[in-house]
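Geometric and topological summary
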Amino acid sequence: MSILVLGGTAEARALCAELSQRGLPTIASLAGVTTLRTRYPVPLRVGGFGGAEGLATWLRCQKVTAVIDATHPFAAKMPWHAASAAKQIGTPRLRLLRTAWPPRQGWIIVPDLVAAADTLPVGAHAFLSTGRTEVAAFAARGDVRFTLRSIEPPGDLPPHIASVVARPPFTVDAEVETLTRLEITHLVSKNSGGKEQAKLEAAARLGLPVVMISRPPQPDGPSAAKVADAVAWAVKTVDI
Ligand code: NAP
């Protein structure tokens, strides 16, 4: 028996460490989108499975007894593939999904990236913390300046989108300094949830409007918000 943890988040790593400490055979899986890969304390496989069908075949071949989907709250495809594959072959699945940030004063809540781009006023200078692969929605807004912050270099960008490469964590003071120095007028963020809230605190301190993108829908089924609850589910599910 083994547990597959679909990763790409800090929670996935913490979960793998906890499962491994309890002696539960665990395999972690990453999409392989970043070159700077954090170490996992369990065997790791990297790369897509080939959709829900490919994942179902892989789960069957590897005799996986439980799947914990600990992908990012904004991973749009993998949770659906995991739900479909697990259902097809009757393997229990849990979604580990950290709690979203509750709305704050000064937030403009939008459903997606396109709506985020649309809501910015002409002449704004928006700070994008939405990820290096998700600039397409902002490319058409040549009447707005953007600074995109990403962990890895984003590749070619249109002239109205500047790039800053930096790796979290960031302190609130550092975020205030960055937003002030760049003369940012709006912060654009996904509602990822979790501890990385310094940018939100900094925006609140500076009175900057925050364009907050709501999470995509999630498949039905059991879910946990905390690593400890996912561990308890795994222990119960694999019945040791
Ligand atoms: P996505 O839209 O859900 O996934 C795109 C494709 O990547 C999937 O169809 C799957 O390919 C493959 N994939 C995704 N997660 C995988 C995993 N853990 N193991 C193996 N294959 C995986 O997700 P995304 O937004 O491109 O994000 C890719 C990864 O980065 C995710 O694992 C996510 O946890 C992490 N991440 C995403 C964000 C974000 O804002 N989207 C932020 C931080 C981290 P196949 O269909 O071929 O199986």
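The notes below deal with the structure included here. Per-chain numbering applies: the sequence of each chain, read as written, is numbered from 1 onward. Thresholds applied to this predicted model are a pLDDT of at least 70 for local features of residues and 80 or more for the giving and counting of side-chain atom pairs; totals over whole chains, interfaces and linings are not thresholded and use all residues. The side-chain values count all of the structure's non-hydrogen atoms but skip hydrogen atoms and water molecules.

So, the packing of helix α1 (residues 10-21) against helix α8 (residues 227-238)
Just so we agree on the cut-off: Fitted lines through C-alpha atoms serve as axes, helices being fitted only where they are in contact, and the angles separating the N-to-C directions of these axes extend from 0 to 180 degrees. In DSSP terms, a helix is any run of H or I states spanning at least four residues, a strand is any run of E spanning at least two, and both are numbered starting from the N terminus. If an angle is under 35 degrees, it is roughly parallel; if it is over 145, roughly antiparallel; if it lies from 65 to 115, roughly perpendicular; otherwise it is oblique. A clockwise turn of the near helix away from the far one marks a right-handed crossing, whereas an anticlockwise turn of less than a right angle marks a left-handed crossing. Here, residues are in contact when the closest pair of their heavy atoms is within 4.5 Å.
Interhelical geometry of α1 versus α8 gives an angle of 45° and a closest axis separation of 10 Å. Relative to α8, the element α1 is oriented oblique. Once α1 is placed against α8, the crossing between them reads as right-handed. Between α1 and α8, the residues in contact are E11, A14, L15, E18 and L19 and V227, A230, V231 and A234, respectively.

Digging into the packing of aromatic side chains
This is how the line gets drawn: Stacked, tilted and edge-to-face pairs are distinguished by plane angle, under 30 degrees for stacked and over 60 for edge-to-face with tilted covering the rest, among Phe, Tyr and Trp rings (Trp via its six-membered ring) whose centres lie within 6.5 Å. Exposed residues in this analysis have more than 50% of their type's maximum accessible area, buried residues have under 20%, and partly exposed residues fall in between, with area computed by a 1.4 Å probe over protein chains only. Two conditions define a charge sitting above a ring: the NZ of Lys or the CZ of Arg must be within 6 Å of the ring centre, and it must be within 35 degrees of the ring normal.
One pass over the structure, following the stated rule, counts two aromatic pairs. With 5.3 Å between their ring centres and 70° between their planes, F49 and W58 make a pair best called edge-to-face. What makes F49 buried here is its relative accessible area of 15%. Over the ring of F49 we find R45; its NZ or CZ atom is 3.9 Å from the centre of that ring.

Brief notes about the site of the ligand
This is how it is decided: By convention in this text, a residue qualifies as near a molecule or strand provided that one of its non-hydrogen atoms is within 4 Å of it. Between N or O atoms, a polar contact is any pair within 3.5 Å; within protein, one atom must be a potential hydrogen donor and the other a potential acceptor, and residues adjacent in sequence are included only when both atoms are from side chains. Values of accessible area rely on a 1.4 Å probe in the Shrake-Rupley scheme; residue burial ignores everything except the protein chains shown. Ten residue types, Ala, Val, Leu, Ile, Met, Phe, Trp, Tyr, Cys and Pro, are classed as nonpolar, four, Asp, Glu, Lys and Arg, as charged, and the remainder, Gly among them, as polar.
As a matter of local geometry, the ligand sits amid 22 residues, with S29, F49, K77, M78 and K190 nearest to it. Interatomic distance of 3.0 Å between a backbone N/O atom of G7 and an oxygen atom of the ligand. Residue H81 places a side-chain N or O atom 3.3 Å away from an oxygen atom belonging to the ligand. Here the ligand has 810 Å² of accessible area as a free molecule, and 76% of this is covered by the chains. Classifying every residue of the shell around the ligand by side-chain character gives nine nonpolar, ten polar and three charged.

Observations regarding the sheet that holds strand β4 (residues 64-69)
The line we're drawing: Strand pairing follows a simple DSSP-based rule, namely that at least 2 bridges must link the two strands.
A sheet is described by the order of its strands in space; here six strands give the open sequence β3-β2-β1-β4-β5-β12, paired in parallel fashion. Two strands close off the open sheet at either side, each with one partner strand: β3 (44-46) and β12 (223-224). Here α1 sits on the sheet in contact with β1 (2-6), β2 (26-30), β4 and β5 (93-96), set at roughly 165° to β1. Contacts from α8 reach β1, β4, β5 and β12, with the element oriented near 165° to β4.

Quick word on α8
Residues that lie three or four places apart on an α-helix share one face, since the helix turns once every 3.6 residues. Stated formally: What a helix is expected to span follows from its residue count: subtract one and scale by 1.5 Å.
Over its twelve residues, α8 extends 16 Å from the first C-alpha to the last, a length consistent with the 16 Å expected when each residue adds 1.5 Å. In this fold, the buried residues of α8 make contact with β1, α1, β4, β5 and β12. Count one or two residues on from α8 and you reach D239, which has phi positive near 55°.

Quick notes on the sheet that holds strand β8 (residues 145-150)
If you walk across this open sheet you meet the six strands as β6-β11-β10-β7-β8-β9, and the pairing is parallel. One side of each edge strand has no neighbouring strand; the edge strands of this open sheet are β6 (107-110) and β9 (161-165). Across the sheet, the mean angle separating the axes of adjacent strands is 20° when strand polarity is ignored. Here three bridges tie strand β7 (residues 125-128) to strand β10 (residues 186-190), and the two strands are oriented parallel to one another. Counterpart to F127 in the pairing with β10 is L187.

As for the pairing of β5
The condition that has to hold: Seen with its strands pointing away from the viewer, a crossover is right-handed if its path from the first strand over the helix to the second goes clockwise.
Burial along β5 is two-sided: R93 and R95 facing one way and L94 and L96 facing the other are all buried. Relative to β5, β4 is paired through three bridges, and the arrangement is parallel. In the strand pairing of β5, V67 is matched with R93. Since β4 and β5 lie parallel, the crossover through helix α3 (residues 78-89) that links them has a hand, and here it is right-handed. Pairing between β5 and β12: two bridges, direction parallel. By the bridge assignment, L96 is partnered in β12 with A224.

Shape is all these values report; function is a separate question.
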